[in-house]
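Observations on the three-dimensional arrangement
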Amino acid sequence: MSYHRMEISEIRHTVLVVEDELLIRMCSVATLQDAGYHVIEAGSSTEALAILARPNAIGILITDVRMPGQMDGLALVAKVRADRPEIRSVVVSANVSAEEAGNAGAVGMVVKPFTAETLVRAIRDTGTRDLVA
């Protein structure tokens, strides 16, 4: 199934993309918007924590590991898992293993560099298709 033909419940997902590299963040946001997701973006863990502290319907967190802010991406995933267990996390990195991402609480891992289809597939594979924002 092409990522352009998604179910309505998938289209309603809100994804928080946390990436400090502007071009990667812009490409990720555009890819996910093209796939029908509502996307919120943050350039650091500090910005992401501020977004997550507000009432919102974020269903999926996508985060880089190495970035500025209060914590790295693995610590952010662990905090989200503890504080907002309804949010499913995907780690995007060239520097950590899938095992390390899983140990932090991530349900998915995307290795940089990645394709648009790989990113969208990782989101679809989080098991949140039944959650409607």
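For the structure itself, look to the data block above.
Okay, so let's go over this structure. (Residues numbered from 1 in each chain as written. Predicted model: local features only at pLDDT ≥ 70, side-chain atom pairs only at ≥ 80, totals over all residues. Heavy atoms only, no water.)

Counting residues in each nonpolar core, the largest one holds 21 residues, and the members touching the most others are Leu16, Val18, Leu52, Leu61, Leu76 and Val91. Where this core is concerned, the elements lending two or more residues are strand 1 (14-18), helix 3 (45-53), strand 3 (58-64), helix 4 (73-83) and helix 5 (98-104). Not counting residues up to four positions away in its chain, the partners in contact with leucine 61 are Leu16, Val18, Leu76, Val77, Val80, Ile87, Arg88, Ser89 and Val90. Counting 16 residues, the second-largest nonpolar core is a separate cluster that includes Val17, Ile60, Ile62 and Val92. (Core = buried A, V, L, I, M, F, W, Y, C linked by side-chain atoms within 4.5 Å. Buried < 20%, exposed > 50% of the residue type's maximum accessible area, 1.4 Å probe, protein only. Helix = DSSP H or I, 4+ residues; strand = E, 2+ residues; numbered from the N terminus. Contact = heavy atoms within 4.5 Å.)

On to unusual backbone geometry. Cis geometry marks the peptide bond from lysine 112 to proline 113; its omega dihedral reads -10°. Looking at the element boundaries, proline 113 is found in the loop between strand 5 (108-111) and helix 6 (116-124).

Below, the discussion takes up empty space enclosed by the protein. Scanning the entire structure with this criterion turns up one cavity of 30 Å³ or more. The calculated volume of the largest cavity comes to roughly 50 Å³. What lines the largest cavity is Val17, Val18, Glu19, Ile24, Ser28, Ile62, Thr63, Asp64 and Val92. For the lining of the largest cavity, the secondary-structure elements that each account for two or more residues are strand 1, helix 2 (22-34) and strand 3. (1 Å grid on protein atoms, 1.4 Å probe; cavity = no way out; pocket = protein on both sides within 12 Å on 5 of 7 lines; lining within 4 Å. Points joined across faces, edges and corners; volume = space filled by probe spheres on them.)

Interhelical geometry of helix 2 versus helix 6 gives an angle of 65° and a closest axis separation of 10 Å. As for how helix 2 packs across helix 6, the hand of that crossing is right-handed. Contacts from Ser28, Thr31 and Leu32 of helix 2 reach helix 6 at Ala116, Leu119, Val120 and Ile123. A class-by-class count of the residues in the contact of helix 2 with helix 6 yields five nonpolar, two polar and no charged. (Axes fitted to C-alpha atoms, helices over the stretch in contact; angles between N-to-C directions. Left-handed = near helix turned anticlockwise from the far one by under 90°. Nonpolar A, V, L, I, M, F, W, Y, C, P; charged D, E, K, R; others polar.)

Right, let's get into the pairing of strand 1. Working note: regular strand, side chains alternate between the two faces of the sheet. Across the five residues of strand 1, five count as buried, placing the element largely inside the fold. Side chains of strand 1 alternate between two faces, with Thr14, Leu16 and Val18 and Val15 and Val17 buried alike. As paired strands, strand 1 and strand 2 (residues 38-42) are joined by five bridges and run parallel to one another. Bridged to valine 18 within strand 2 is alanine 42. As defined by bridge partners, strand 1 adjoins strand 3 across five bridges and the pair is classed as parallel. Across the sheet, residue leucine 16 finds its bridge partner in strand 3, namely leucine 61. (Pairing = 2+ DSSP bridges.)

What follows concerns the pattern of salt bridges. Here the structure, examined in full by the defined rule, presents five salt bridges. Salt-bridge contacts for glutamate 41 lead to arginine 25; the nearest nitrogen and oxygen are separated by 3.0 Å. One end of the pair, glutamate 41, is in strand 2; the other, arginine 25, is in helix 2, with 16 residues separating them in the sequence. Look at arginine 25 and you get buried, because its relative accessible area is 12%. With a shortest N-O distance of 2.8 Å, glutamate 86 and arginine 84 are connected by a salt bridge. Owing to a relative accessible area of 40%, glutamate 86 belongs among the partly exposed residues under this scheme. Note on arginine 84: relative accessible area 15%, which makes it buried. Salt bridges sharing partners connect three or more residues here, namely Glu19, Asp64 and Lys112. (Salt bridge = Lys/Arg side-chain N within 4 Å of Asp/Glu carboxyl O.)

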